[in-house]
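Coordinate inspection notes
Residue-level listing of the chains:
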Amino acid sequence: MLLSDFLQATAERTPERLALVQGATRIAYADLLRRVDRLASFLQRRGLQRGDRVAVFTDNSIETVVGVFAAMRAGGVFMPINPLTKQDKLAYMLNDSRAACVLTQRDLRGVAEPALAAAPSVRIVVMQGASDGDRAVEWSAAETEGDAAGGRPELRVIDADLASIIYTSGSTGDPKGVMLTHLNMVTACTSVSTYLALRADDHIYCALPLAFDYGLYQVLMAARVGCSVVLDRSFAFPAKSLEIMAREQVTAFPGVPTMFAMLTRMQGVDSYDLARLRLITNTAAALAESQISAIRKLFPQARLFSMYGLTECKRVTYLPPEQLDLRPGSVGRGMPNEEVWLVDDEGRRLPNGSTGELVIRGNNVMRGYWEKPEETAKRLKPGPLPGEMVLYSGDLFRTDEEGWLYFVARRDDIIKSRGEKVSPREVENVVWSLDGVSEVAVIGVPDDLLGQAIKAFVVAKDGHALTERDVIVHCRDRLESFMVPKYVEFVSELPTTDTGKVRKKSLA
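Structural notes, computed from the coordinates. Each chain carries its own residue numbering, running from 1 in the direction its sequence is written. Local features in this predicted model are restricted to residues whose pLDDT is 70 or higher, and side-chain atom pairs enter the listing and the counts only when it is 80 or higher, whereas totals over whole chains, interfaces and linings include all residues. Based on all heavy atoms of the structure, the side-chain values leave hydrogens and waters out of the count.

Turning our attention to the overall build of the protein. Segments assigned H or I by DSSP are reported as helices when at least four residues long, segments assigned E as strands when at least two residues long, and all are numbered from the N terminus. Within the protein, the regular secondary structure consists of 15 helices and 27 strands. C-alpha atoms define the radius of gyration, and 2.2 Å times the number of residues to the power 0.38 defines the globule rule. The C-alpha atoms of the protein give 23 Å as radius of gyration, which agrees with the globular expectation for 508 residues (23 Å, within 12%). Across its three principal axes, the protein shows a C-alpha extent of roughly 75 × 55 × 45 Å. The rule is simple: take the accessible area with a 1.4 Å probe, protein chains only, and divide by the maximum for that residue type; under 20% is buried, over 50% is exposed, in between is partly exposed. In the protein, which comprises 508 residues, the share counted as buried stands at 59%. Contacts are assigned to residue pairs with any non-hydrogen atoms lying within 4.5 Å of each other. Expressed as a percentage of contacts within the protein between residues at least 6 apart in sequence, the contacts between residues at least 24 apart total 66%. Accessible area of the protein: about 21,200 Å², with a carbon and sulfur share of 48%. Within this scheme the basic residues Lys and Arg register as positive and the acidic residues Asp and Glu register as negative, but His and the chain ends are omitted. The atoms used to mark charge sites are NZ of Lys, CZ of Arg, CG of Asp and CD of Glu. Charged side chains of the protein number 61 positive and 65 negative; the gap between the two group centres comes to 1 Å. Shrake-Rupley sampling with a 1.4 Å probe provides the accessible areas, and residues are treated as covered by the protein chains on show and by no other component.

For two strands to count as paired, DSSP must find a minimum of two bridges between them. Spatial ordering of the open sheet is given by 25-26-27, a layout of three strands whose pairing is mixed. Of all the strands in the sheet, just strand 25 (437-447) and strand 27 (487-490) have a single pairing partner and so form its edges. For this sheet, the mean angle separating the axes of adjacent strands, direction not counted, is 25 degrees. Taken together, the 10 bridges between strand 25 and strand 26 (residues 451-460) define a ladder with antiparallel strand orientation. Residue D447 lies in a different strand from strand 26, and its bridge partner there is G451. Fitted lines through C-alpha atoms give the axes, limited to the stretch in contact for helices. The angle between two N-to-C directions lies from 0 to 180 degrees.

Now for the side chain of D37. Mapped onto the secondary structure, D37 falls in helix 2 (residues 29-45). Distance and chemistry together define a polar contact, namely a pair of N or O atoms within 3.5 Å, with one atom able to donate a hydrogen and the other to accept it when in protein, and with adjacent residues in sequence counting only for side-chain atoms on both sides. Here the side chain of D37 touches R73 through a polar contact of 2.9 Å, side chain to side chain. Sequence-distant contacts of D37, defined by excluding residues within four places in its chain, comprise R73, G151, R152 and P153.

When two cysteine sulfur atoms are found within 2.5 Å, that pair is recorded as a disulfide. A full pass over the atoms with the stated rule returns zero disulfides. Free of any disulfide, C227 has its nearest neighbouring cysteine sulfur in C189, separated by 9.9 Å.

Only one rule defines a salt bridge in this text: a Lys or Arg side-chain nitrogen within 4 Å of an Asp or Glu carboxyl oxygen. If you walk through the whole model with that rule in mind, you get 35 salt bridges. Across the salt bridge formed by E428 and K504, the nearest N and O atoms sit 2.8 Å from each other. With a gap of 76 residues between them, E428 in helix 13 (residues 424-432) and K504 in helix 15 (residues 504-507) connect regions that are remote in the sequence. The closest approach of N and O atoms between D447 and K486, which form a salt bridge, is 2.8 Å. You can see D447 sitting in strand 25 and its partner K486 sitting in the loop between helix 14 (468-476) and strand 27, a full 39 residues away along the chain.

For the rest of this paragraph, the subject is the pairing of strand 4 (residues 77-80). The side-chain alternation of strand 4 yields two buried faces, one formed by V77 and M79 and the other by F78 and P80. Of the pairings in the sheet, the one linking strand 3 (residues 53-57) to strand 4 comprises four bridges and is parallel in character. In the strand pairing of strand 4, V54 is matched with F78. Note that the unit made of strand 3, helix 3 (residues 62-73) and strand 4 has a crossover that is right-handed. Handedness of a crossover is defined as follows: with both strands directed away from the viewer, a clockwise route from the first strand across the helix to the second makes it right-handed.

Side-chain rings of Phe, Tyr and Trp, where Trp is taken by its six-membered ring, are said to pair if the distance between their centres is within 6.5 Å; with planes under 30 degrees apart they count as stacked, over 60 as edge-to-face, and otherwise as tilted. For the structure on display, the rule yields 10 aromatic pairs. Pairing Y205 with F253 gives two aromatic rings, centres 5.9 Å apart and planes at 65 degrees, and the pair type is edge-to-face. Separated by 48 residues along the polypeptide, Y205 in strand 10 (residues 203-206) and F253 in strand 12 (residues 252-255) bring together distant segments of the chain. Its relative accessible area of 0% is what places Y205 among the buried residues. We classify F253 as buried; its relative accessible area is 1%. Taken together, the aromatic side chains of Y205, F235, F253 and F260 make up a single cluster linked through ring pairs. Two thresholds decide whether a charge sits over a ring: the Lys NZ or Arg CZ must be within 6 Å of the ring centre and within 35 degrees of the ring normal. Its guanidinium or amino end placed over the ring of Y406, R398 lies 4.2 Å from that ring's centre, counting from NZ or CZ.

Right, let's get into helix 10 (residues 257-265). Taken as a whole, helix 10 has its buried residues at P257, T258, M259, F260, A261 and L263. On the buried face of helix 10, the contacting elements are helix 9 (238-247), strand 12, strand 13 (279-282), helix 11 (289-298) and strand 25.

Right, let's get into the side chain of N82. One can find N82 in the loop between strand 4 and helix 4 (87-97). In this structure the side chain of N82 is engaged in a polar contact, spanning 3.0 Å, whose partner is the backbone nitrogen of L84.

To continue, consider the pairing of strand 27. In this sheet, strand 27 lies alongside strand 26 in parallel orientation, the contact comprising four bridges. Of the residues in strand 27, the one forming a bridge with V458 is F490. One crossover worth recording links strand 26 to the parallel strand 27 by way of helix 14, and it is right-handed.

This part covers unusual backbone geometry. Of note, the phi angle at A197 is positive, near 55 degrees, even though the residue is not glycine. Within the element layout of this structure, A197 appears in the loop between helix 7 (182-196) and strand 10. Take A197: its relative accessible area is 40%, and that puts it in the partly exposed class. Backbone geometry at Q249 places phi at a positive 50 degrees, although glycine is not the residue there. For Q249, the location among the structural elements is in the loop between helix 9 and strand 12.

On to the environment of V365. Tracing the backbone shows V365 in the loop between strand 18 (355-361) and strand 19 (368-369). Excluding residues that lie within four positions of it along the chain, V365 makes contacts with N184, E312, C313, I360, L380 and L391.

Our next topic: the environment of E468. By the element assignment, E468 lies in helix 14. Residues E468 and Y487, 19 residues apart in the sequence, show an inter-C-alpha distance of 7.6 Å. In this structure, E468 is in contact with K486, Y487, V488 and F490, ignoring residues within four places of it in sequence. Within the structure, the side chain of E468 is placed 3.2 Å from the backbone nitrogen of V488, a separation counted as a polar contact.

In structure tokens, the structure reads:
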């Protein structure tokens, strides 16, 4: 099965079922498939070949979904690119991938056009809202041309071919292109939608960027089960987002900690009719116990899934909602059709009750990083069976005696203070438990005596006048002395990536 087969199967099975909602625009699955095939036919007519890379540089919109599926239906490899990406980074990704096609929109032309001028491999440009004189073909005209050409692309790929290249944030250097095959993405999509028990009558609210896998998979999973996705461009105005969720009778709400922090600080959430909301998911960063409690109080009728994942394999673990009261700090166990375990620094498998690096085995694991064999070799290593490769996550976890997983830290984030290793997450959890704390991030800062001193950046809830001493005393009562922050800085907000992760390098 190909990833694009999900859309075709659902469109043939339930053609009139609602697929996407964007503002006042609504599109059924049959109409979505027609638009996809018209654009795919246009791309093939203009010379797109099997395996050519197609950059989808658009915001959260129906066109983004059309572009993603059209690239696959034409035999290409889609590359979702965040619309906030700057010119130099966009040019780097286009050149690194040797992209053949760019799908974009007119209000991004100020970034797209200079990047395209520096990317000689691009020979096809489709732009929503393009006008005379633009290098690009206007999007609707491209679909019309594809319709005139027959509107039914010739598909020439198998599930071992690449479906997508998703570039990582590149916080430690140039972005790396994660290569994902159709088999990788079908496997992940099937496993995640299965444990979430998504249904054909679900309405998923998605303000997550479709350029990142968490947002992207909302659309892919919906195509698999035949449910609808309500697209929103951002969660910057939560009151407006809640209005949309209530109006569209949303049943599933995927979010990240920054979104949930905004909701738990907001007054009057219970005035919105969200009675149909039955499913809430979180990933990107783990939720603190106090955040979990606040979310469940806001939405008592909904089941909350705490999860952990990587772009390199999509999703890794999930905690069943019935386990939240027993182990609220856990991110669960491996998802269906996947194996996970911990290893020490020498790569030896560790028993339950240990701390080590998480390793993932399964068909959801990436092919590797695009044309970066050295970086690939650091992450993909020989597995237990001859000839296979498994993914070393680069993240440290601990397990309890029953094998449930608890995130400790990124290897690079571990703080070494007074000769001891400190997990920032452990300190953050304690600070979060202080009444009046909305968000917190902990890092290590250089210190002549300690090696690294612990510093906490704290966002206080409205109406709470916390002091540095309040935080330090709270931690001193609950942590070993070498784990207590030496410094506390109060900030109005924490810098985050577009996927909701705190930018700790920016804090440093």
